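Letter by letter, the chains look like this.
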Amino acid sequence: MSRIKQTFERLAKQGRKGLIPFVTGGDPEPTHTVEVLLALAKAGADVIELGVPFSDPMADGPVIQRSSERALSKGISTKVILDYVREFRKSNQDTPIVLMGYANPIERMGEGAFVAAAHDAGVDGVLVVDYPPEESLSFADLLRKSGMDPIFLLAPTSSDERIKKVAQTASGYVYYVSLKGVTGAQHLNTTEVSSKLPVIRQHTQVPVGVGFGIRDAESACRVASSADAVVIGSALIQALEARGEQSPADTAYAFLHPIRLALDDAYSA
């Protein structure tokens, strides 16, 4: 059983909601990434999405685009990202890490070589934004054979047919994009989210995490009323950008921990 599945089974038994922060590897400073990951785990992250920087992140808004540009300017590559995971695993064997990125760096490395390297580093799941399920069956199979989960996106515009295809291929969790547009958008409609998730659950037993537009404890708790987990990225990266003299790790902890407390206060057995 994968670490991600174990995590969601534990949350379900406890009646709790998952909290999944996203950070871009190498940002704001390459030397602080592992400290940030450990701080997020300490703050109560159930799963951590670690962004692999890419020059053309089409699904990301300006906040995450800037973080990718900063990381790339400092020489952050897929190999460096995997080194971060390997270093994180020396201190934390429990918190699942999901790599989130785009197809080009994986295909440059070769799917088989990437999967082997990710497994060796201690990665638990991979979400490739521009890999639709019907075009990545072999990649998803490689991941599962190595004990990792292929994570896929669904959107408000996803048809029933697309939902069925994702349901047949995904494991770990499904990432539901809560709104049309890119990361960092702010017009979150929780009524739309709560109406769409039952449709997704008709086709899959895999937990559903919801992201895009969640910025704080209040919006996280609203979304969690219908989701199994909430994903927070842009707001966390903005906090890291605006941290002033505070260390990136302390900033990450201070941002995430109140959201963990609010979710547990609202949803626990």
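Being a predicted model, the structure only gives us computed values, none of them experimental.

Quick look at the overall build of the chain
Right, so step 1: Scanning the chain from terminus to terminus reveals twelve helices and eight strands.
Right, so step 2: Relative to its length of 269 residues, the chain is compact, with a C-alpha radius of gyration of 17 Å against a globular reference of 18 Å.
Right, so step 3: With respect to the three principal axes, the spread of C-alpha positions in the chain is 45 × 40 × 35 Å.
Right, so step 4: Counting only residues that meet the buried cut, the chain has 57% of its 269 residues in that class.

So, the packing of aromatic side chains
Right, so step 1: Scanning the model with the defined rule gives five aromatic pairs in all.
Right, so step 2: Relative to Y173, the ring of F8 has its centre 5.8 Å away and its plane inclined at 45 degrees; by these criteria the two rings are tilted. With a gap of 165 residues between them, F8 in helix α1 (residues 3-14) and Y173 in the loop between α8 (160-169) and β6 (174-177) connect regions that are remote in the sequence. Y173 carries the same exposure label as F8, and that label is buried.
Right, so step 3: Note on F114 and F139: the rings are 6.2 Å apart at their centroids and 35 degrees apart in plane angle, and the pair reads as tilted. One end of the pair, F114, is in helix α6 (residues 111-121); the other, F139, is in helix α7 (residues 137-145), and 25 residues separate them in sequence. For the pair F114 and F139, a shared accessibility class is recorded, and that class is buried.
Right, so step 4: An aromatic cluster is present here, built from F114, Y131 and F139 joined pairwise through their rings.
Right, so step 5: In this arrangement the basic side chain of K17 is found over the ring face of Y267, its NZ or CZ atom lying 5.4 Å from the centre.

Thoughts on the environment of Y267
Right, so step 1: You can see Y267 is positioned in the segment after α12 (248-266).
Right, so step 2: Sequence separation between Y267 and S234 is 33 residues, and the spatial gap between their C-alpha atoms is 24 Å.
Right, so step 3: Setting aside chain neighbours within four positions, we find Y267 in contact with G15, R16, K17, C221, A224 and S225.
Right, so step 4: Separated by 3.2 Å, the side chain of Y267 and the backbone nitrogen of S225 make a polar contact.

Observations regarding helix α11 (residues 234-241)
Right, so step 1: Turning to α11, its buried residues number three or more, namely S234, A235, L236, I237 and L240.
Right, so step 2: On its buried face, α11 is in contact with β1 (18-24), α2 (33-43), α3 (62-73), β8 (229-232) and α12.

Overview of the sheet that holds strand β7 (residues 208-211)
Right, so step 1: What the eight strands build is a closed barrel, ordered β1-β2-β3-β4-β5-β6-β7-β8; its pairing is parallel. Sheet twist, expressed as the mean angle between neighbouring strand axes with direction ignored, is 25 degrees.
Right, so step 2: Inspection of the sheet shows β1 paired to β8 by four bridges, in the parallel sense. Residue pairing in the sheet places L19 in a bridge with V230 of β8.

Side note on the nonpolar core
Buried together is how nonpolar side chains tend to be arranged in soluble globular proteins.
Right, so step 1: By size, the foremost hydrophobic cluster in this structure holds 87 residues, and its most contacted members are L40, L99, F139, Y173, Y175, V210 and L263.
Right, so step 2: When residues of this core are assigned to their parent elements, the largest contribution, six residues, is made by α2.
Right, so step 3: In this structure L99 touches L50, V52, I81, L82, V85, F114, V123, G125, V126 and L127, once residues within four positions along its chain are discounted.

Looking at the side chain of K196
Right, so step 1: Relative to the assigned elements, K196 resides in helix α9 (residues 190-201).
Right, so step 2: We note that K196 is buried and unpaired, the nearest opposite charge coming from D160 at a distance of 5.6 Å.
Right, so step 3: Discounting chain neighbours no more than four positions away, the residues touching K196 are A155, P156, S158, I163 and Y176.

Cut-off values and rules
- Residues numbered from 1 in each chain as written.
- Predicted model: local features only at pLDDT ≥ 70, side-chain atom pairs only at ≥ 80, totals over all residues.
- Heavy atoms only, no water.
- Helix = DSSP H or I, 4+ residues; strand = E, 2+ residues; numbered from the N terminus.
- Rg over C-alpha atoms; globule rule 2.2 N^0.38 Å.
- Buried < 20%, exposed > 50% of the residue type's maximum accessible area, 1.4 Å probe, protein only.
- Phe/Tyr/Trp six-rings, centres within 6.5 Å; stacked < 30°, edge-to-face > 60°.
- Lys NZ or Arg CZ within 6 Å of the ring centre and 35° of its normal.
- Contact = heavy atoms within 4.5 Å.
- Polar contact = N/O pair within 3.5 Å; in protein donor to acceptor, adjacent residues only side chain to side chain.
- Pairing = 2+ DSSP bridges.
- Axes fitted to C-alpha atoms, helices over the stretch in contact; angles between N-to-C directions.
- Core = buried A, V, L, I, M, F, W, Y, C linked by side-chain atoms within 4.5 Å.
- Lys, Arg positive; Asp, Glu negative; His and termini not counted.
- Salt bridge = Lys/Arg side-chain N within 4 Å of Asp/Glu carboxyl O.

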